[in-house]
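# Breakdown of the fold
Residues per chain are reported as follows:
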Amino acid sequence: MRFYLLLFSITSFSVFAQEQDSATLISEVKIEAYKKPSSYIGSTKSVSVISDHLLRLNNPERLLEAINQNAGSRMEERSPGSYRLSIRGSSLRSPYGVRNIKVYLDDFILSDASGNTYLNSISPELIHRIEIYKGPESGDFGAVTGGTLLLKTRTADHLSGNISVGSYGTFNQSIDFSKQFKKHFLQVFQNYYQTDSYREQSAVQRKQLFIKDLFQYRENAELKALLIVSDLNYQTPGGLSLEQMQMNRKQARLPTKTLPGAKEQHAGIRNKMILGGLSHEFKITPNLSQFILVQGSYVDFENPFITNFENRFESNFALRTHLNYHKKWEKLSLEWRAGYEGATNSIVVKNYDNNRGIEGNPQNFDQLNNNSGFYFLSQKLNFNDKLFSDISVSLNSNSYDWENIYPNIVQGKVKFKKQVLPNFGVTYMLTKDFSVRGKIGKGNSSPTNEEIRSSNQEINKELIPEYGWNKEIGLRKQFANIFFLEVTYFDFRMKDAIVRRQNENGEEYFVNQGNTVQKGAEVLLESKNFKINNQVLNSLKFRFSGSFYQFKFENYRQNDVSFSRNDLTGVPATTINSLLNFMFFKKLGVDYSHYYTSRIPLNDANSVWSDASFVGNIQFRYPLLFDKTQVNMLFQIQNLYNTEYVLGYDINAFGNRFYNPAAKRTFNFGVNFIF
């Protein structure tokens, strides 16, 4: 009820706004689309843009609040440092982390050859803008069925320092320096973050250094270098049963008669990552350009778990290159792109007995080598700024070989069938501020290394890629230069869906299990920043988004039990989000946000469901000017109404340990210096 009263107040109050801002219209926002820029209202893509005013909603350790303000994307926190990201329900196979979603940072590729991404190693404060592409975009980004994230860093001169403290021993510090030096644009970013967190065995520490150099060494040539060094260490408290959560929300997973608990085993993740790369863009002629990127990374990953101590050593190499040609006539412009992206990933996994956080006797050693790549061809058309089309196709390949090193020596190789993945999108401008669009595309997603060789320490040679066709229609409408409305309806049919299971030890494994039917509508309503002639309240902006899904299993059986027509595990049918931005006394900024999530099926049988949740956050921003330095004071209250809720469930958990309780009301105070 509180949410609907809030929504009514948003829509009714903004009618009385007396003056609109003169800033760029929402419909005229530009999207980058990995070097295929277009206007938002004319784009054929199903895309959400997260800019500064949404990114400032985040806590220092996560992107959750900003991402969850967008219809179709959802980030969950099983515990601080452990995040699950889904786009249109793609987390079905992801117990933690990011799978089945491609992630790029500027030009560079964060996802490895198998499709796994360590997104939690990247500091949220580094990110200046995000573009979220929903559904398959295989013609540009390869074989994923979930979606794609483009993370952007700074592109203009900037110097700032940030320090903040908060509940449960939270401390955050960062320095961000960007400057143009003749032909070089240099950015250096450093961050340190730590917290003891709400629950037992859930402390986090992250250290990161980021360096970027953009060298415009000729008028028609640009060289970019990037280096990321990240050291992430977070404890994992584990899931609780409903009874355990009701008894003590703060406790970690308890020991049983046969297994120790999370505290006893010092359960956690220690992830050290270094990534470096070079990209080069060269304009051969005014109409023809060539782009190439090479990069490599190394990951040292440790995971003390209840039943074992796992070490992973990963090396990754990737290449992306393409030729771009564009031609413009009086009323027609065309763009063509042809290229290749490929990656190789080598991973050694060693499991030992876990003697209270110390490696014990060896259990099992394996090595996997994963190779993936795709050739792509695309064409964009713009006819008289009325008709836009985007046609693309990619040829995708994926294979891996494996070897059991200890205790036995066994090896093998699996090569998946090559997939041709087409995508076609069209947008028509009915008026300059009203567009309709349609899109159809095929997606394919191979199992990741963590699914082929999961925590049960077995090579799952039977696992095959999931695939499906996505169809959608949508409209985008700007109303009188005041409101922007977007509505999308999609229908995605998945075949051979990969599903997570757990054994009695809490170890996970994955199976292909039937098909899914995923239908839904997504809505975005956003206003301009209204200026108000009042001595107290000076401006108001609002944003409302919602996802309304009907996701079902099809042809799904476990043993002799049919789960067909059951709701898709881990996906809420309804999410509704709102954001109000106020300005008081010409200086005091207030961001007031809400997140509603309907109940969620926690197992494939749909026999256990979560409760619905309604969470509010508020933050206050106040700037102070000292000569040439601006000091921004920030005070955040997360979970304003002190709601008892869960921000990330362990789906299909053995022993009904589904619940990872989120923190109740917390506070954060920060100071940002801009020089």
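Cut-off values and rules
Residues numbered from 1 in each chain as written. Predicted model: local features only at pLDDT ≥ 70, side-chain atom pairs only at ≥ 80, totals over all residues. Heavy atoms only, no water. Helix = DSSP H or I, 4+ residues; strand = E, 2+ residues; numbered from the N terminus. Rg over C-alpha atoms; globule rule 2.2 N^0.38 Å. Buried < 20%, exposed > 50% of the residue type's maximum accessible area, 1.4 Å probe, protein only. Contact = heavy atoms within 4.5 Å. Areas by Shrake-Rupley, 256 points an atom, 1.4 Å probe, with all protein chains shown as cover. Salt bridge = Lys/Arg side-chain N within 4 Å of Asp/Glu carboxyl O. 1 Å grid on protein atoms, 1.4 Å probe; cavity = no way out; pocket = protein on both sides within 12 Å on 5 of 7 lines; lining within 4 Å. Points joined across faces, edges and corners; volume = space filled by probe spheres on them. Nonpolar A, V, L, I, M, F, W, Y, C, P; charged D, E, K, R; others polar. Pairing = 2+ DSSP bridges. Polar contact = N/O pair within 3.5 Å; in protein donor to acceptor, adjacent residues only side chain to side chain. Phe/Tyr/Trp six-rings, centres within 6.5 Å; stacked < 30°, edge-to-face > 60°. Lys NZ or Arg CZ within 6 Å of the ring centre and 35° of its normal. Core = buried A, V, L, I, M, F, W, Y, C linked by side-chain atoms within 4.5 Å. Patch = residues over 30% accessible without salt bridge, like charges linked within 9 Å, V, L, I, M, F, W, Y side chains within 5 Å. pLDDT = per-residue confidence, 0-100.

Attention shifts here to the overall build of the chain. From N to C terminus, the chain includes six helices and 40 strands. At 25 Å, the chain has a C-alpha radius of gyration in line with the 26 Å of a compact globule built from 675 residues. In terms of principal-axis extent, the alpha carbons of the chain reach across some 70 × 55 × 55 Å. Counting across all 675 residues of the chain, residues that qualify as buried make up 58%. Counted over contacts in the chain with a minimum sequence separation of 6, partners at least 24 positions apart contribute 65%. Split by element, the accessible area of the chain, about 27300 Å² in all, is 57% carbon and sulfur.

Inspection of the entire model under this criterion finds 40 salt bridges. Glu77 serves as the salt-bridge partner of Arg62, at 2.9 Å between the closest nitrogen and oxygen. Here Arg62 is found in the loop between α2 (52-55) and α3 (64-67), whereas its partner Glu77 is found in strand β5 (residues 73-79), with 15 residues between them in sequence. Grouping residues by exposure puts Arg62 and Glu77 together as buried. Between Glu76 and Arg74 there is a salt bridge, and its shortest N-O distance comes to 3.4 Å. Residues participating in the shared-partner salt-bridge network are Lys36, Lys45, Glu137, Asp140, Asp390 and Lys439.

All right, on to empty space enclosed by the protein then. Applying the stated criterion to the full structure yields eleven cavities of 30 Å³ or more. The calculated volume of the second largest cavity comes to roughly 640 Å³. Along its surface, the second largest cavity is lined by 37 residues, and Arg78, Tyr96, Asn303, Phe305 and Glu508 are the ones closest to its centre. Its residues assigned to classes, the lining of the second largest cavity shows 14 nonpolar, 13 polar and ten charged.

On the basis of which strands lie adjacent, the open sheet formed by five strands has the order β4-β11-β12-β8-β9 and mixed pairing. Looking along the sheet, the strands with just one partner apiece sit at the ends: β4 (47-50) and β9 (108-109). In this sheet, strand β12 (residues 147-152) lies alongside strand β11 (residues 129-134) in antiparallel orientation, the contact comprising six bridges. Residue Tyr133 lies in a different strand from β12, and its bridge partner there is Thr148.

A separate point is the side chain of Asn116. On the secondary structure map, Asn116 appears in strand β10 (residues 116-117). A relative accessible area of 6% means that Asn116 is categorised as buried. When near neighbours in sequence (up to four residues on either side) are disregarded, Asn116 contacts Val98, Arg99, Leu110, Ser111, Thr448 and Glu450.

Okay, the pairing of strand β16 (residues 204-218) next. Each regular strand shows side chains that alternate between the opposite faces of the sheet. Pairing of strand β15 (residues 184-195) with β16, which is carried by twelve bridges, proceeds in the antiparallel orientation. Paired with Phe185 across the two strands is Leu214, which belongs to β16. Between β16 and strand β17 (residues 221-235), which follow one another and run antiparallel, lie two residues.

With that out of the way, let us pick up the side chain of Thr307. With respect to the secondary-structure elements, Thr307 resides in the loop between β19 (288-304) and β20 (309-328). Relative accessible area serves as the criterion here: at 17%, Thr307 is assigned to the buried category. Reaching out from Thr307, the side chain makes a polar contact with the side chain of Asn308 at a distance of 3.2 Å. Not counting the four nearest positions on each side in its chain, Thr307 is found in contact with Leu259, Gln363, Asn505 and Glu507.

Attention now moves to the pairing of strand β6 (residues 82-87). Counting buried positions along β6 yields six of six residues, so the element is predominantly enclosed. Residues Ser82, Arg84 and Ser86 line one face of β6 and the alternating positions Tyr83, Leu85 and Ile87 line the opposite face, and both faces are buried.

Here we take up the environment of Ile482. Considering the arrangement of structural elements, one finds Ile482 in the loop between β27 (466-479) and β28 (483-495). Residues Ile482 and Gln251, spaced 231 residues apart in sequence, show a C-alpha to C-alpha distance of 49 Å.

Relative to the elements of secondary structure, Leu150 occurs in strand β12. On a C-alpha basis, the gap between Leu150 and Asp106 in space is 7.0 Å, while along the polypeptide they are 44 residues apart.

Our next topic: the packing of aromatic side chains. The final tally for this structure, using the stated rule, is 29 aromatic pairs. Ring centres of Tyr400 and Phe416 lie 6.0 Å apart, and the angle between their planes is 50°; on these two criteria the pair is classed as tilted. Pair noted here: Tyr400 is in strand β23 (residues 387-406) and Phe416 is in the loop between β24 (410-415) and β25 (419-431), with a separation of 16 residues, a long-range link. Three or more aromatic residues link up through ring pairs in this structure, and these residues are Tyr34, Tyr104, Tyr133, Phe141 and Phe291. Positioned above the aromatic ring of Phe301, the side-chain terminus of Arg312 is 3.9 Å from the ring centre. Lying over the aromatic face of Tyr40, Arg476 brings its terminal NZ or CZ to 4.7 Å of the ring centre.

With that settled, the discussion passes to the nonpolar core. Ile130, Leu149 and Leu151 are the most contacted members of the largest nonpolar core, which totals 64 residues. Each residue touching Ile130, except ones within four places of it in the same chain, is listed here: Ser48, Val49, Ile50, Leu55, Leu63, Leu149, Leu150 and Leu151. If you look at the next biggest cluster of nonpolar residues, it comprises ten residues, including Leu92, Tyr556, Phe563 and Val571.

There is a patch of nonpolar side chains on the surface, built from Phe383, Leu387, Tyr428, Leu430, Val436, Leu475 and Val487 and spanning about 510 Å² of accessible area. Classification of Leu475 as partly exposed rests on a relative accessible area of 31%.

Mapped onto the elements of the fold, Arg93 is located in the loop between β6 and β7 (98-99). Each C-alpha atom of the pair Arg93 and Ser164 lies 35 Å from the other, and the pair is 71 residues apart in sequence.

Quick look at unusual backbone geometry now. Apart from glycine, the bulk of residues carry a negative phi angle, and the bulk of peptide bonds sit in the trans form. Between Tyr406 and the following residue, Pro407, the backbone shows a cis peptide bond with an omega angle of 5°. Non-glycine residue Lys35 carries a positive phi angle of around 65°. Tracing the sequence through the fold places Lys35 in the loop between β2 (30-31) and β3 (38-39). One non-glycine residue, Asn555, lies in the positive phi region at around 55°. By the secondary structure assignment, Asn555 is in the loop between β33 (537-554) and β34 (557-558).

Here the focus is the confidence of the model for the chain. On average, the chain scores 91 in pLDDT, and the residues at 70 or more come to 96%. Per-residue pLDDT stays below 50 along residues 1-23; that stretch engages in 39 contacts with residues further than four places along the chain or on separate chains.

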